[in-house]
Amino acid sequence: YDESVEEHSDGAVTVTLSNSYSPSNLNFLSVGNSGKRGDCNTVGEHGEGLKMALLVLARANESVTLNVNGKTLTPTFYEYEYLGRCFGLNISTQYSYNGFELEFTIPKEDFDNFRGIQIDAQWKKLVKRTSKRMKIIQILSVTRPIYRMD
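Criteria and thresholds
All residue numbers refer to position in the chain's written sequence, counted from 1. For a predicted model such as this one, the threshold for reporting local features is a pLDDT of at least 70, and the threshold for listing and counting side-chain atom pairs is 80 or more; totals across whole chains, interfaces and linings nevertheless cover every residue. Hydrogens and water are ignored here; the side-chain numbers use all heavy atoms of the structure. By definition, any uninterrupted DSSP run of H or I lasting at least four residues is a helix, any uninterrupted run of E lasting at least two residues is a strand, and each is numbered from the N terminus. Buried means the residue's accessible area, taken with a 1.4 Å probe over protein chains only, is under 20% of the maximum for its type, while exposed means over 50%, and partly exposed covers the values in between. Two N or O atoms form a polar contact when they lie within 3.5 Å of each other; inside protein one atom must be a possible hydrogen donor and the other a possible acceptor, and for residues adjacent in sequence the pair counts only when both atoms belong to side chains. What makes two residues a contact is simply this: any of their non-hydrogen atoms within 4.5 Å. Throughout, nonpolar core names a set of buried Ala, Val, Leu, Ile, Met, Phe, Trp, Tyr and Cys residues whose side chains join them through atoms within 4.5 Å. Note on scores: pLDDT gives the predictor's confidence for each residue, bounded by 0 and 100. The criterion for strand pairing is that DSSP finds at least two bridges linking the strands in question. Angles here are taken between N-to-C directions and fall from 0 to 180 degrees, while the axes themselves are lines fitted to C-alpha atoms, restricted in helices to the stretch in contact. In this scheme Phe, Tyr and Trp rings, the latter by its six-membered ring, pair at centre separations within 6.5 Å, and the angle between planes marks the pair as stacked below 30 degrees, edge-to-face above 60, and tilted otherwise. Two conditions define a charge located above a ring, namely a distance within 6 Å from the ring centre to NZ of Lys or CZ of Arg, and an angle within 35 degrees of the ring normal.

### Digging into the side chain of N67
Step number 1: Mapped onto the elements of the fold, N67 is located in strand β3 (residues 63-68).
Step number 2: For N67, a relative accessible area of 3% puts it in the buried group.
Step number 3: Engagement of the side chain of N67 in a polar contact is seen with the side chain of T72, the distance being 2.9 Å.

Below, the structure written as structure tokens:
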């Protein structure tokens, strides 16, 4: 995916994440549905991550839009007689982006904190992977070859 970050003078950042994902419909936005199920080249396959991110951003009154194949989706809340306050998406067809684009504006401090957590998680993963390699190297270094060639 591509990422761009635009810093604003008010201490906020607008983050845009985009890729070439081009679904034939919006079914992937139903809770539990995912266009990535069974694809080992992608992260996430349970159909909840994007929807929960949209919900959290909307609940925090942050600006967020999702552009998918010419449609612009914005999170909203509405009242339902039997359930009370519900989360939904407004859909318009005014956007011409062909692919997938998520854009949100949040306080820079929140974004920096997220980046720190993300980098920390990647670092731990690297250290874990590296430590496995180091164990293999240690084992190989103490193993003496049976045959020696000069």
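This is not the end of the story, as more comes after the structure.
### Digging into the environment of D2
Step number 1: Its place among the elements puts D2 in strand β1 (residues 2-7).
Step number 2: C-alpha of D2 to C-alpha of E101: the two residues are 99 residues apart in sequence and 9.3 Å apart in space.
Step number 3: Ignoring any residue separated from it by four or fewer positions in sequence, one finds D2 in contact with T16, L17 and S18.

### Brief notes about unusual backbone geometry
Step number 1: Here N61, not a glycine, exhibits a phi torsion of approximately 60°, which is positive.
Step number 2: Position of N61 relative to the elements: it lies in the loop between α1 (49-59) and β3.
Step number 3: Residue classification places N61 among the exposed residues on the basis of a relative accessible area of 70%.
Step number 4: Even without being glycine, N69 reaches a positive phi, approximately 45°.
Step number 5: Counting through the fold element by element, N69 comes out in the loop between β3 and β4 (71-80).

### What about the nonpolar core?
Step number 1: Counting residues in each nonpolar core, the largest one holds 15 residues, and the members touching the most others are V64, L66, V68, F100, L102, F104 and I106.
Step number 2: Counting residues per element, the ones that place at least two in this core are β2 (12-19), α1, β3 and β6 (100-107).

### Quick word on α1
Step number 1: Every buried residue belonging to α1 is among K51, L54, L55, L57 and A58, and all of these are buried.
Step number 2: Contacts made by the buried residues of α1 are with β3, β4, β5 (84-92) and β6.
Step number 3: Just beyond α1, the residue with positive phi is N61, at close to 60°.

### Considering the confidence of the model for the protein chain
Step number 1: Looking at the protein chain as a whole, its pLDDT mean stands at 77, while 69% of the residues score no less than 70.
Step number 2: Within the model, the stretch residues 132-150 combines pLDDT values under 50 with 0 contacts to residues more than four positions away or in other chains.

### Some points on the sheet that holds β5
Step number 1: In space, the 6 strands of this open sheet follow the order β1-β2-β6-β3-β4-β5, with antiparallel pairing throughout. Two strands in the sheet have a free side with no partner beyond their single neighbour: β1 and β5. Along the sheet, successive strands turn relative to each other by an average axial angle of 25°, direction set aside.
Step number 2: Alignment of β4 against β5, held across 9 bridges, turns out to be antiparallel. Opposite T74, over in β5, you have N90 as the bridge partner.

### Focus: the packing of aromatic side chains
Step number 1: For the structure on display, the rule yields 5 aromatic pairs.
Step number 2: Here the aromatic rings of Y21 and F28 are separated by 5.4 Å at their centres, their planes lie at 85°, and the arrangement is edge-to-face.
Step number 3: Under the relative-accessibility criterion, F28 is labelled buried at 10%.
Step number 4: Put simply, the rings of Y21, F28 and F100 touch in pairs and so form one group of aromatic residues.
Step number 5: If you follow R85 out to its NZ or CZ, it ends over the ring of F77, 3.8 Å from the centre.

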